Amino acid sequence: MSTIAEPLNRSEAAAAPSLQDAIQFVWAEADMLDRLDYKAWLPLWTENGRYIVPTERDVSDYDDRLNIVNDDAEMRQARVKRLLSGFSMSSAPPARTVRTVSRFVPVAVEDGAITLRAAMIMVEYKYERMRTMAADVVYRIVSTADGLKLDRKIVTLVNCDDYQHGIGYLL
Amino acid sequence: MSTDFATLVRDDRVLTPMYTDEAIFEEEMDRIFKSTWVWVAHASDVPAGNTFKTSWVGREPVIVTRDKQGKIHTLLNRCRHRAASVCEKRKGKASVFVCPYHGWSYDVDGTLRKVPHINGYGEGLDTADYSLVSLRTEEYNGMIFATFKDDIQPLVDFLGPAKKWIDLFMKQGGGYGVKTLGEHRFRFPGNWKIQLENTTDAYHFPIVHKTFLDSLDPEAENVFQVLAHGGWVEDLGNGHSVMVMIPDLIDLEENLDAPIPQRFEELAKELAAEGMPDEQVRRVVRAVGGSGFNLNLFPNVACSMAFFRVLRPIEVNETEIMHVAIGMDGGPDAANRMRLRLHEHFQGPMGFGTPDDAEGWERVQRGARAGQDLWIMVNRGVDAPEGVAAPGHNAGDVSAETGMRAAYQMWKRMMTA
Ligand code: FES
Ligand SMILES: [Fe+2]
């Protein structure tokens with residue numbers, strides 16, 4: 001763990017998820033995505049959760065920019081339906097992926113919520129070819145009566161403002 | 001070069017090495033991309049004096065600049081001293097480009113302004129001989145093209161009947177004018193002509209984009225049943241063509257009385273609540289939905305329903321594509337936001353459409369490793385509906401491969417010139 005985290009606001013941290021629980025949650029999510037367990041992934045989210053993959057770094061308002069993904073609950077649902085439908089050539093099957101998430105830094109602890117940033121390194125394989133991808137990922141994870149939920153996930157690829165190849169799975 | 005290019009292209013088919021042969025690719029870069037008008041930018045990418053955008057003409061990196069007088073320049077992004085690139089930013093503002101290596105500085109029109117320690121050349125360096133190489137640059141309705149050739153026809157003549165379709169496409173400005181809002185970039189391991197073909201390929205749409213169609217409300221899904229509306233493909237000359245998929249959406253300033261589609265109801269309400277008069281709401285909403293056609297401009301750009309598609313050949317089997325999102329310049333935020341969300345829905349590396357297109361094109365390239373003596377068939381098509389195409393233009397039904405045949409005939413013309 002890094003010790004150079006930004007200052008935490010601990011005053012209202014009482015009900016916030018612990019760092020350790022949040023990390024376990026992130027790892028479980030990463031595992032789900034590598035296993036294409038998208039049906040289990042959908043209920044990980046809060047109702048107003050946003051899943052964002054931007055095309056620029058250091059953006060504050062994603063809604064006024066073009067993103068690779070900017071999903072609310074409805075779009076996530078539609079995306080998962082599409083990926084699992086068997087009719088999308090790029091995801092039936094998708095590239096195989098193996099990802100790790102680490103270098104966690106807690107950036108904010110609020111009432112009932114913790115925000116982390118982390119590094120994701122992923123390798124995908126399809127058609128005789130391996131590609132490496134890297135991203136800075138921000139997670140906002142909240143405590144609910146239903147357990148921990150993902151409220152925000154922003155996956156900023158290291159080369160987000162350059163070209164990608166088609167991505168037939170979830171980041 | 002020993003290949004007889006004419007033998008690779010027949011009226012209704014092209015030979016497989018068109019996708020796979022490196023030597024052919026090298027010749028294309030010269031005989032096509034260095035010999036015709038190539039799209040480099042939209043006017044809104046360089047909105048004011050001393051703004052720039054980096055771009056490409058074929059494989060050569062360029063800087064598109066607008067000087068203080070408003071004139072647009074396309075400059076090779078290569079220092080005249082010992083070749084360093086002088087600009088590595090996507091876009092921005094600059095009144096001077098300073099080479100990072102030895103500090104030669106250039107005005108935005110390419111003129112060499114200053115050479116550090118110029119006395120080291122004795123009397124021997126006339127700065128007038130060392131401007132950044134400036135390409136001939138012309139613009140039509142916001143579309144900026146550049147060419148290495150000083151002796152080819154003016155851009156407006158090159159575009160010819162395509163101009164009418166550019167004008168129709170730009171009605172997506174909804175009365176505000178068109179502005180670029182951002183871009184998706186992606187590559188696929190395949191030849192550039194596979195993408196060129198695809199822009200006038202309605203045939204693949206219901207198959208490849210089934211999951212996109214399934215994600216729409218029933219009304220929108222019906223609109224995107226592109227084979228079902230009596231559309232057509234029309235050869236516009238010089239390799240250009242238009243594929244009309246939704247005839248009702250050719251002219252976005254017509255049919256403003258039609259009921260507002262369900263998916264735009266919320267936006268219409270929001271605009272009305274902001275005090276926008278009903279007629280303008282209808283105009284903006286209709287513009288937000290985009291045009292019902294793809295205009296394919298040979299060799300590298302398309303006005304594709306609601307965005308610009310720009311292709312860049314990288315290698316014989318690698319192509320980069322930009323999907324440029326567009327919106328209304330100074331138009332309502334809510335409308336532009338919706339444009340962005342609609343663009344994200346289909347386009348880009350994780351859109352509901354693009355990854356499947358990219359996969360399909362990759363499969364073409366993979367398949368083309370077999371059977372170098374086999375033909376790629378572009379013979380599909382029956383007559384266009386009566387009276388839809390301009391008199392004298394070759395046209396076929398919406399799923400006809402007429403546009404591909406037009407592009408390949410232009411390819412043949414240029415490669416054998
Ligand atoms: S290479 Fe540009 S100044 Fe020397
Ligand atoms: Fe497509």
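Anything mentioned here points back to the structure above.
This is a predicted model, so every value here is computed, not measured.

A.B. asks: A description of the nonpolar core should follow, citing residues and the corresponding values.
C.D. replies: Nonpolar side chains in soluble globular proteins tend to be buried together. Residue and element names in this part refer to chain B. Core analysis: the biggest nonpolar cluster contains 78 residues, and Trp-165, Leu-295, Phe-308 and Trp-411 have the highest contact counts within it. With seven residues, helix α13 (residues 402-415) is the largest single contributor of residues to this core. The residues that make up this core include at least three from each of domain 1 (5-34 + 162-415) and domain 2 (38-147). Setting aside anything within four residues of it in sequence, one finds Trp-411 in contact with Phe-5, Leu-8, Val-9, Met-18, Ile-24, Glu-28, Ile-32, Trp-192, Lys-193 and Phe-298.

A.B. asks: If you had to explain the environment of Val-98 of chain A to someone new, which residues and values would you point to?
C.D. replies: For Val-98 of chain A, the location among the structural elements is in strand β3 (residues 96-110). For Val-98 of chain A, the residues in contact, after removing those within four places along its chain, are Asp-34, Ile-121, Met-122 and Val-123 of chain A.

A.B. asks: With reference to specific residues and values, describe the pairing of β3 of chain A.
C.D. replies: All names here are of chain A. Summarising the sheet, β3 and strand β4 (residues 113-126) pair through twelve bridges and their orientation is antiparallel. Opposite Val-98, over in β4, you have Val-123 as the bridge partner. In this structure, the hairpin formed by β3 and β4 is closed by a connection of two residues, where Gly-112 is found at a positive phi of approximately 75°.

A.B. asks: Explain the pattern of salt bridges residue by residue, including any values.
C.D. replies: Overall, the coordinates contain 40 salt bridges over all chains when judged by the stated rule. In this structure, Arg-366 of chain B engages Glu-128 of chain A in a salt bridge whose closest nitrogen and oxygen atoms are separated by 3.4 Å. Of the two residues, Arg-366 of chain B sits in helix α12 (residues 354-367) while Glu-128 of chain A sits in the loop between β4 and β5 (129-144), which places them in two different chains. The exposure class of Glu-128 of chain A is exposed, given its relative accessible area of 60%. With its nearest N and O atoms 2.9 Å apart, the salt bridge here joins Arg-13 of chain B to Asp-12 of chain B. The class of Arg-13 of chain B is partly exposed, set by a relative accessible area of 23%. Taken together, the salt bridges that share partners define one network made up of Glu-183, Arg-185, Arg-187, Arg-312 and Glu-320 of chain B.

A.B. asks: An account of the coordination of the iron ion (ligand 2) is needed here, citing residue identities and associated values.
C.D. replies: Residue and element names in this part refer to chain B. For the iron ion (ligand 2), the full set of protein donor atoms is His-204 (NE2), His-209 (NE2), Asp-357 (OD) and Asp-357 (OD), at a range of 2.1 to 2.5 Å. For the iron ion (ligand 2), the four donor atoms in the first shell make angles of 57 to 152° at the metal, so the coordination geometry reads as irregular. Spacing between the donor residues of the iron ion (ligand 2) along the chain follows H-x4-H-x147-D. The two residues His-204 and His-209 agree in class, both being buried.

A.B. asks: Would you mind going over the interface of chain B and chain A in detail, with residue names and values included?
C.D. replies: In this complex, chain B contributes 36 residues to the contact, which on the side of chain A involves 37 residues. Buried surface at the junction of chain B and chain A, both sides included, amounts to about 3100 Å², of which 56% is carbon and sulfur. For the chain B face of the interface with chain A, the top three residues by lost area are Met-350, Phe-352 and Glu-359 of chain B, together amounting to 24%. At the junction of chain B with chain A, the criterion picks out seven salt bridges. Counting the contacts that link chain B with chain A gives 24 residue pairs in polar contact (both at pLDDT 80 or more). Looking at the side of chain B that touches chain A, the elements that each hand over two or more residues are β13 (178-188), α7 (210-214), β19 (318-328), α11 (333-346) and α12 of chain B.

Rules used throughout
- Residues numbered from 1 in each chain as written.
- Chains lettered and ligands numbered in written order.
- Predicted model: local features only at pLDDT ≥ 70, side-chain atom pairs only at ≥ 80, totals over all residues.
- Heavy atoms only, no water.
- Core = buried A, V, L, I, M, F, W, Y, C linked by side-chain atoms within 4.5 Å.
- Buried < 20%, exposed > 50% of the residue type's maximum accessible area, 1.4 Å probe, protein only.
- Helix = DSSP H or I, 4+ residues; strand = E, 2+ residues; numbered from the N terminus.
- Domains from an automatic or database assignment.
- Contact = heavy atoms within 4.5 Å.
- Pairing = 2+ DSSP bridges.
- Salt bridge = Lys/Arg side-chain N within 4 Å of Asp/Glu carboxyl O.
- Donors = N, O, S within 2.8 Å, 3.2 Å for Na, K, Ca; no water.
- Tetrahedral: all angles 85-135°; square planar, octahedral: opposite > 155°, others 65-115°.
- Buried area = accessible area lost by both parts, 1.4 Å probe.
- Polar contact = N/O pair within 3.5 Å; in protein donor to acceptor, adjacent residues only side chain to side chain.

Bear in mind that shape data such as this cannot, by itself, settle questions of function.
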